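# Residue-level structure breakdown
Next come the chains, spelled out residue by residue.
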Amino acid sequence: MSRIGKLPITIPAGVDVKIGNDNEVTVKGPKGTLSRKLHSDMILKLENGVLTVERPSEEKNHKSLHGLTRTLINNMVVGVTDGFTKELEINGVGYRAQMQGKKLVLTLGYSHPVEYTAAEGITLEVPQPNKIIVKGANKEVVGETAAKIREFRMPEPYKGKGIKYVDEVIRRKEGKAGGKKK
């Protein structure tokens, strides 16, 4: 039995979960509505505010889908209640971020400012010029948005300049050995 797949998902108050035909799961909560079509082999049961995921057989494919299905549904429930957050940090002289309406404008040492508009359901915040906070209900879209922003100027190992996650550690490298030739 999958250790993650067998865990029940308790549905908090204020969250509405509907299981449609062909395992179309819709979760509605205070932070929005998320919908996802899950694998049709998985058996979803909703009883007394507790959702359980069961697998039809012990095949390898069903075993791997078991934990995945439960985690995807749990992420939807957590997303509509609490939401997900990713924090980015900008390092470098003159590198900064600012919001102009719904657009994120980044100054990253290029000859032009980089503008980024987030996907629907994602909010971007810039509490300080060197910090970006990405928030949203869908965990995948929040992570994807943060990764796209990070791609504009990846952190480099020599001076540590660029956009990195707050909890990310950049391994630093030593520069050129500037010794004399004989």
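See above for the structure.
So, a few notes on the structure that sits alongside this text. (Residues numbered from 1 in each chain as written. Predicted model: local features only at pLDDT ≥ 70, side-chain atom pairs only at ≥ 80, totals over all residues. Heavy atoms only, no water.)

## Quick look at helix α1 (residues 60-81)
To be explicit about the condition: By the criteria applied, helices consist of DSSP H or I runs no shorter than four residues and strands consist of E runs no shorter than two, each listed in order from the N terminus. Expected helix span is given by 1.5 Å per residue-to-residue step, counting one fewer step than there are residues. Each residue's exposure class comes from its accessible area (1.4 Å probe, protein chains only) as a fraction of the maximum for that residue type: buried when under 20%, exposed when over 50%, partly exposed otherwise.
Its 22 residues place the ends of α1 33 Å apart at the C-alpha level, agreeing with the 32 Å of an ideal helix rising 1.5 Å per residue. Those residues of α1 lying buried are H62, L65, H66, G67, T69, R70, L72, I73, M76, V77, G79 and V80. Backbone geometry just downstream of α1 places G83 in the positive-phi region, at approximately 85 degrees.

## Here we look at the pairing of strand β2 (residues 16-19)
This is how the line gets drawn: In this scheme, strands are said to pair when DSSP sees at least two bridges between them.
As judged from the 4 bridges shared by β2 and strand β3 (residues 24-29), these two strands associate in the antiparallel manner. Looking at the pairing, I19 lines up with V25 of β3. Where β2 folds back on β3, the antiparallel hairpin that results is connected by 4 residues, among which D22 adopts a positive phi of roughly 65 degrees.

## Some details on the environment of K28
Where we set the bar: Throughout, a contact is declared for two residues whenever any of their heavy atoms are within 4.5 Å.
In this fold, K28 is placed in strand β3. Taking relative accessible area as the criterion, K28 reaches 43% and is therefore assigned partly exposed. When the C-alpha atoms of K28 and M76 are compared, they prove to be 9.0 Å apart, with 48 residues separating the residues in sequence. What K28 contacts, discounting residues up to four positions off in sequence, is G14, V15, D16, T33 and V80.

## Considerations on helix α2 (residues 139-151)
The criterion, for reference: When we speak of the arc, we mean the arc of directions from the helix axis to the C-beta atoms. Here a polar contact is recorded for every N or O atom pair within 3.5 Å, except that within protein the pair must consist of a potential hydrogen donor and a potential acceptor, and residues adjacent in sequence are included only if both atoms are side-chain atoms.
Across its 13 residues, α2 extends 18 Å between first and last C-alpha, which sits within 8% of the 18 Å expected from 1.5 Å per residue. When α2 is considered as a whole, its buried residues turn out to be V142, T145, A146, I149 and R150. Across the axial projection of α2, the buried residues extend over an arc of 135 degrees, all falling on one side. Where α2 is buried, its residues touch β7 (84-91), β9 (103-107), β10 (114-117), β11 (122-128), β12 (131-136) and β13 (162-165). Where α2 starts, the residue carrying a side-chain oxygen 3.2 Å from the main-chain nitrogen of E140 turns out to be N138.

## Side note on the sheet that holds β7
Rule in force here: Geometry is summarised by axes, namely lines fitted to C-alpha atoms with helices restricted to the contacting stretch, and by angles between N-to-C directions that run from 0 to 180 degrees.
One open sheet holds the 4 strands; their spatial order is β11-β12-β7-β13, and the pairing between them is antiparallel. With one partner strand each, in any of the chains shown, β11 and β13 form the two edges of the open sheet. In this sheet, neighbouring strand axes are inclined to one another by 25 degrees on average, regardless of whether the strands run parallel or antiparallel. Sheet analysis places β7 next to β12, joined by 6 bridges and oriented antiparallel. In the strand pairing of β12, L88 is matched with I132. Those strands touched by α2 are β7, β11, β12 and β13, and its axis lies near 5 degrees from that of β7.

## A look at the nonpolar core
What counts here: In plain words, nonpolar cores are sets of buried Ala, Val, Leu, Ile, Met, Phe, Trp, Tyr and Cys residues tied together by side-chain atoms within 4.5 Å.
Within the largest apolar cluster, 20 residues are counted, with the highest numbers of intra-cluster contacts made by L106, I132, V134 and I149. Elements with a contribution of two residues or more to this core: β7, β9, β10, β11, β12, α2 and β13. Once residues lying within four places of it in the same chain are set aside, the contact partners of I149 are L88, L104, L106, Y116, L124, I132, V134 and I163. Among the nonpolar cores identified, the runner-up in size contains 19 residues, and V27, L44, I73 and V80 belong to it.

## Topic: the pattern of salt bridges
Stated precisely, the cut-off is as follows: Note on definitions: salt bridges are taken to be side-chain nitrogens of Lys or Arg within 4 Å of carboxyl oxygens of Asp or Glu.
Enumeration according to the criterion identifies 10 salt bridges in this entry. Here E58 makes a salt bridge to R55, at a shortest N to O gap of 3.1 Å. Relative accessible area serves as the criterion here: at 52%, E58 is assigned to the exposed category. For E115, the salt bridge is made with K103, and the minimal N-O distance between the two is 3.2 Å. Linking E115 in strand β10 with K103 in strand β9, this pair joins segments that are 12 residues apart in sequence.

## With respect to the pairing of β9
The pairing of strand β8 (residues 96-100) with β9 spans 5 bridges and is classified as antiparallel. Across the sheet, residue M99 finds its bridge partner in β9, namely L104. Pairing between β9 and β10: 4 bridges, direction antiparallel. Following the sheet pairing, V105 is matched in β10 by E115. Count of turn residues in the β9/β10 antiparallel hairpin: 6 residues, of which G109 carries a positive phi of about 85 degrees.

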